[in-house]
Amino acid sequence: MAKYFGTDGIRGRVGESPITPDFVMRLGWAAGKVLAKSPLPGVRPAVLIGKDTRISGYMLEAALEAGFAAAGVDVLLAGPVPTPAVAYLTRALRLSAGVVISASHNPFEDNGIKFFSEHGNKLPDAVEAEIEAALELPMDCVTSGKLGKARRLDDAAGRYIEFCKSTFPSELDLHGMTIVVDCAHGAAYHIAPHVFHELGAEVIAIGNKPDGLNINKGFGATAPEALAQAVRDNKADIGIALDGDADRLIMVDAAGRIYNGDELLYVVVKDRLAVAPVPGVVGTLMTNMALEVAFRNMGIEFVRAKVGDRYILEQLQRRDWLLGGEGSGHILCLDRHTTGDGIISALQILSGLKRSGQSLAEYTADIDLYPQVLINVRIPLGFDWENNPAMQAARVAVEKQLGDTGRVLIRPSGTEPLLRVMVEAPDGADAQNMAQRIADQVLAA
């Protein structure tokens, strides 16, 4: 079991283990030992470091730089750029690895470190285990003549803007559209507005004034109400909300209605299917059942992975499929990028709307998400919910009642003594009653 790495790198509260300067320096050294391979004899390997707009990013960037230098690895500093920009630039510049300093959608008090391989993919568990093993070794330092050097990559933002634009069909443009872009005061604040503007849209940017402390605060994909209001106030055609590191996407239509990642994934798949066959799509255990039913009716196979975009990616690669996503707004289009990318996902959706001549509301009129009711039940330490007869009997009864029109998902929290009971059904009142019946048996245990 991993000691430091979670489902999306290493993350925590700044100043508390493991997000401390001394640990992060050792992490840079350990990662340098494991990831950095010299391209030619006598040539130092190099890695790219990007970050979001948190004030702690400066401190952690310096610590990582020192660790990599001690391991004999050169460092390119990209400054504030989206997480998927680091994945792209690492691959484009033929570097040994990419590193992102970000806690994604978390508040500014948190931060984290995640890595990309030379191919722009998130690291497999085995490589993370190697880094953790290296962390247990005493940190040493190469000789002075072999120390890594650091330099700024001044054109990082411009390179990534051009890459994003290249994923939009060359025969289309965004002229005539007014788009509100919410950057969450995060890493895309100086990038996302330019992408959509350079493709022809009139862009109104919000959440684009980071001060180191306001990332994700009241703006972005985790707080889309600000975007909905801005779209209505400006009579815009559509709104785009990214999270702090710009790998998530939530959108808003002209009426201010918010669309989550499940609905946006449906738009992408529907558009691709109009052009070419789509063999399969990967969602997660939490993906709304309405998508599963819709894809089945389209003749598309649908598979559920564990929650987390890395697990979606694993399933896509295993099956040689291209499209997947989850309700939080991580959408993967592997024919456009190696990782989830909020800006590029938005461009895929906009291209579908442009091709069809329809609004977002019109394009999604043929799918209605099922109501999902989630009840968190506090459980005592060691509670064996999987073998509790009363609870399992209630679950079986509910599943029998639902048949193939809904589903039940029960899973423990990974961080709290809670059991999450979720029921999905076409009728919201039914879903509520069924979830409560199961939860009541847990409470009675």
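**Student:** So what exactly am I meant to see when it comes to the pattern of salt bridges here?
**Tutor:** A side chain of one charge can pair with a side chain of the opposite charge when the charged atoms of the two come close. A full pass over the atoms with the stated rule returns 28 salt bridges. With a closest N to O distance of 3.4 Å, Lys51 and Glu61 form a salt bridge. You can see Lys51 sitting in strand S2 (residues 46-51) and its partner Glu61 sitting in helix H2 (residues 56-70), a full 10 residues away along the chain. What makes Lys51 buried here is its relative accessible area of 4%. For Glu61, a relative accessible area of 5% gives the class buried.

**Student:** Sorry, what's going on with the packing of helix H3 (residues 83-92) against helix H5 (residues 156-166) here?
**Tutor:** Packed helices, taken two at a time, are described by the angle their axes make and the gap between the axes. As a packed pair, H3 and H5 sit with axes 10 Å apart at the nearest point and diverge in direction by 95°. Relative to H5, H3 is oriented roughly perpendicular. Within the contact between the two elements, H3 uses Pro84, Ala85, Tyr88, Leu89 and Arg91 and H5 uses Ala156, Arg159, Tyr160 and Phe163. Residue composition of the contact of H3 with H5, by class: 7 nonpolar, no polar and 2 charged.

**Student:** Sorry, what's going on with the pairing of strand S8 (residues 202-206) here?
**Tutor:** Consecutive side chains along a regular strand alternate between the two faces of the sheet. In terms of strand pairing, strand S7 (residues 178-182) meets S8 through 5 bridges, oriented parallel. Bridge assignment links Ile179 to a residue of S8, and that residue is Val203. Handedness of the crossover joining S7 and S8 through helix H6 (residues 192-198) is recorded here as right-handed.

**Student:** Please explain the sheet that holds strand S16 (residues 372-378) as it appears in this structure.
**Tutor:** Remark on secondary structure: sheet strands pair via backbone hydrogen bonds, oriented parallel or antiparallel. Strands sit in the order S16-S18-S17 across an open sheet of 3 strands; the sheet is antiparallel. On the outer flanks of this sheet lie S16 and strand S17 (407-412), each paired with one strand and no other. The sheet shows a mean angle of 15° between the axes of neighbouring strands, direction not considered. Strand direction decides the pairing type here: S16 and strand S18 (residues 418-424), joined by 7 bridges, are antiparallel. When the sheet's bridge partners are listed, Ile375 is paired in S18 with Val421. In the packing of helix H14 (residues 428-444) onto the sheet, the strands contacted are S16, S17 and S18, and the crossing angle to S16 comes to about 15°.

**Student:** Can you help me understand H5 in this one?
**Tutor:** Given 3.6 residues per turn, any residue in an α-helix points the same way as the ones three and four places further on. Those residues of H5 lying buried are Ala156, Ala157, Tyr160, Ile161, Phe163, Cys164 and Lys165. Those residues of H5 that are buried lie in contact with strand S3 (74-80), H3, H6 and helix H11 (342-356).

**Student:** I tried to follow the sheet that holds strand S13 (residues 301-305) on my own but got confused; where do I start?
**Tutor:** The strand order across the open sheet formed by 4 strands is S13-S12-S14-S15, and the pairing between neighbours is mixed. Edge strands, defined here as strands with exactly one partner in the open sheet, are S13 and strand S15 (331-333). Averaged over all pairs of adjacent strands, the angle between their axes in this sheet comes to 20°, without regard to strand direction. With 5 bridges connecting them, strand S12 (residues 280-284) and S13 associate as parallel partners. The residue of S13 that forms the bridge with Gly283 is Arg304. Together, S12, S13, strand S14 (323-325) and S15 form the strand contacts of helix H10 (residues 309-319), whose direction differs from that of S13 by roughly 140°.

**Student:** How do you make sense of the nonpolar core when you look at a structure like this?
**Tutor:** Grouped burial of nonpolar side chains is what soluble globular proteins tend to show. Formed by 71 residues in total, the largest nonpolar core has its most connected members in Phe196, Ile343 and Leu350. The element contributing the most residues to this core is H11, with 7 residues. Core analysis: the next-biggest nonpolar cluster, separate from the first, contains 33 residues, Phe5, Ile19, Leu77 and Ile113 among them.

**Student:** Where do I start with the pairing of S2 in this structure?
**Tutor:** The buried fraction of S2 is high, at 6 of 6 residues. What joins S2 to S3 is H2, and the crossover it makes is right-handed. Pairing geometry for S2 and strand S4 (residues 97-101), over 5 bridges, is parallel. Residue Val47 lies in a different strand from S4, and its bridge partner there is Ala97.

**Student:** Please explain the environment of Gln401 as it appears in this structure.
**Tutor:** On the secondary structure map, Gln401 appears in helix H13 (residues 389-402). Classification of Gln401 as partly exposed rests on a relative accessible area of 48%. Note: C-alpha distance between Gln401 and Met434 (33 residues apart in sequence) is 9.3 Å. Those residues in contact with Gln401 that sit more than four places away from it in its chain are Met434 and Arg437.

**Student:** Help me understand helix H9 (residues 289-297), please; the structure alone is not making it clear to me.
**Tutor:** Of all the residues in H9, the buried ones are Met289, Ala290, Leu291, Val293, Ala294 and Phe295. Against the buried residues of H9 lie helix H8 (261-275), S12, S13, S17 and S18. A distance of 2.9 Å separates the backbone nitrogen of Ala290 from a side-chain oxygen at the start of H9, and that oxygen is part of Asn288. With its phi angle positive at about 80°, Gly299 sits one or two positions after the end of H9.

Cut-offs and rules
- Residues numbered from 1 in each chain as written.
- Predicted model: local features only at pLDDT ≥ 70, side-chain atom pairs only at ≥ 80, totals over all residues.
- Heavy atoms only, no water.
- Salt bridge = Lys/Arg side-chain N within 4 Å of Asp/Glu carboxyl O.
- Helix = DSSP H or I, 4+ residues; strand = E, 2+ residues; numbered from the N terminus.
- Buried < 20%, exposed > 50% of the residue type's maximum accessible area, 1.4 Å probe, protein only.
- Axes fitted to C-alpha atoms, helices over the stretch in contact; angles between N-to-C directions.
- Parallel < 35°, antiparallel > 145°, perpendicular 65-115°, else oblique.
- Contact = heavy atoms within 4.5 Å.
- Nonpolar A, V, L, I, M, F, W, Y, C, P; charged D, E, K, R; others polar.
- Pairing = 2+ DSSP bridges.
- Right-handed = clockwise from strand over helix to strand, strands pointing away.
- Core = buried A, V, L, I, M, F, W, Y, C linked by side-chain atoms within 4.5 Å.
- Polar contact = N/O pair within 3.5 Å; in protein donor to acceptor, adjacent residues only side chain to side chain.

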